[in-house]
Amino acid sequence: MQLGQPILAAWKAKEDLLDLLALGRTHPDRAVTADRLFRFYDRCATSGLPELERLATTIDTWWPEILVFIRAGITNTGSERHQPRHQDHRPRRLWLPQPRKPASTHPLCYHPTRTRTPQPRLNSKSRHPAMPFMPWM
């Protein structure tokens, strides 16, 4: 395969899928829908790319719902719009140790999987309040 051919094949398959989905709410003939669906499946199968084969499998799985959209124009966008805005769908940050830096051996270091229990606030300003004063150290 030449350089750039997988990208071109993926772009063409995307365009074929968009052509198929553009039929939504237009009440197309069955032959037009079948032709565009076949063109999309054929493009995915002849590309030899596992990503496009997986996409074709996903479209095949969801085909009854997609066909309802194409024929009747029914979607679930109304229910999706009413999701609470306070839900944060961004990925959570993952703490990883930095390369060339030893991991902390301090027993009280923060661990992201453990929940911290609130500790009573200490009023002492010394660094080690539990340790008695030993002048010989």
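Remember, predicted model here, so these are calculated numbers, not experimental data. (Residues numbered from 1 in each chain as written. Predicted model: local features only at pLDDT ≥ 70, side-chain atom pairs only at ≥ 80, totals over all residues. Heavy atoms only, no water.)

So, on to the overall build of the protein chain. Scanning the protein chain from N- to C-terminus turns up 5 helices and 0 strands. In the protein chain, the succession of α and β elements from N to C terminus is α-α-α-α-α. The proportion of buried residues among the 137 residues of the protein chain is 16%. Contacts spanning at least 24 positions in sequence make up 57% of the contacts within the protein chain whose residues lie at least 6 apart. (Helix = DSSP H or I, 4+ residues; strand = E, 2+ residues; numbered from the N terminus. Buried < 20%, exposed > 50% of the residue type's maximum accessible area, 1.4 Å probe, protein only. Contact = heavy atoms within 4.5 Å.)

A separate point is the pattern of salt bridges. Under the counting rule described, the total for this entry stands at 4 salt bridges. In this structure, R39 and D16 form a salt bridge, with 3.8 Å as the shortest nitrogen-oxygen distance. Here the residue R39 occupies a position in helix α2 (residues 30-47), and D16 occupies one in helix α1 (residues 5-21), the gap between them amounting to 23 residues. Take R39: its relative accessible area is 33%, and that puts it in the partly exposed class. Looking at D16, the relative accessible area reads 4%, which means it is buried. Put simply, D19 and R39 hold a salt bridge, and the shortest N to O gap is 3.7 Å. Placement of the pair is D19 in helix α1 and R39 in helix α2, with a sequence separation of 20 residues. Note on D19: relative accessible area 30%, which makes it partly exposed. (Salt bridge = Lys/Arg side-chain N within 4 Å of Asp/Glu carboxyl O.)

Moving on, we get to the packing of aromatic side chains. Scanning all chains against the criterion turns up 1 aromatic pair. Where F40 meets Y41, the ring centres are 5.8 Å apart and the plane angle is 45°; that geometry is what we call tilted. When its relative accessible area of 0% is taken as the criterion, F40 is described as buried. Judged by its relative accessible area of 24%, Y41 falls in the partly exposed class. (Phe/Tyr/Trp six-rings, centres within 6.5 Å; stacked < 30°, edge-to-face > 60°.)

Quick look at the environment of I66 now. Examined against the element boundaries, I66 turns out to sit in helix α4 (residues 63-72). In this structure, the C-alpha to C-alpha distance between I66 and G24, residues 42 residues apart in sequence, is 8.7 Å. Among residues more than four places away in sequence, those in contact with I66 are L21 and I59.

This part covers the confidence of the model for the protein chain. Averaged over every residue, the pLDDT of the protein chain is 78; residues scoring 70 or more account for 55%. The least confident element of the protein chain, judged by mean pLDDT, is helix α5 (residues 77-81) at 62; the most confident is α2 at 96. (pLDDT = per-residue confidence, 0-100.)

With that settled, consider the packing of helix α3 (residues 50-61) against α4. At a closest axis distance of 5 Å, the pairing of α3 and α4 adopts a crossing angle of 70°. The pairing of α3 with α4 is recorded here as roughly perpendicular in orientation. Here I59, D60 and T61 of α3 come into contact with α4, specifically with W63, P64, E65 and I66. For the contact of α3 with α4, a count of residues per class yields 4 nonpolar, 1 polar and 2 charged. (Axes fitted to C-alpha atoms, helices over the stretch in contact; angles between N-to-C directions. Parallel < 35°, antiparallel > 145°, perpendicular 65-115°, else oblique. Nonpolar A, V, L, I, M, F, W, Y, C, P; charged D, E, K, R; others polar.)

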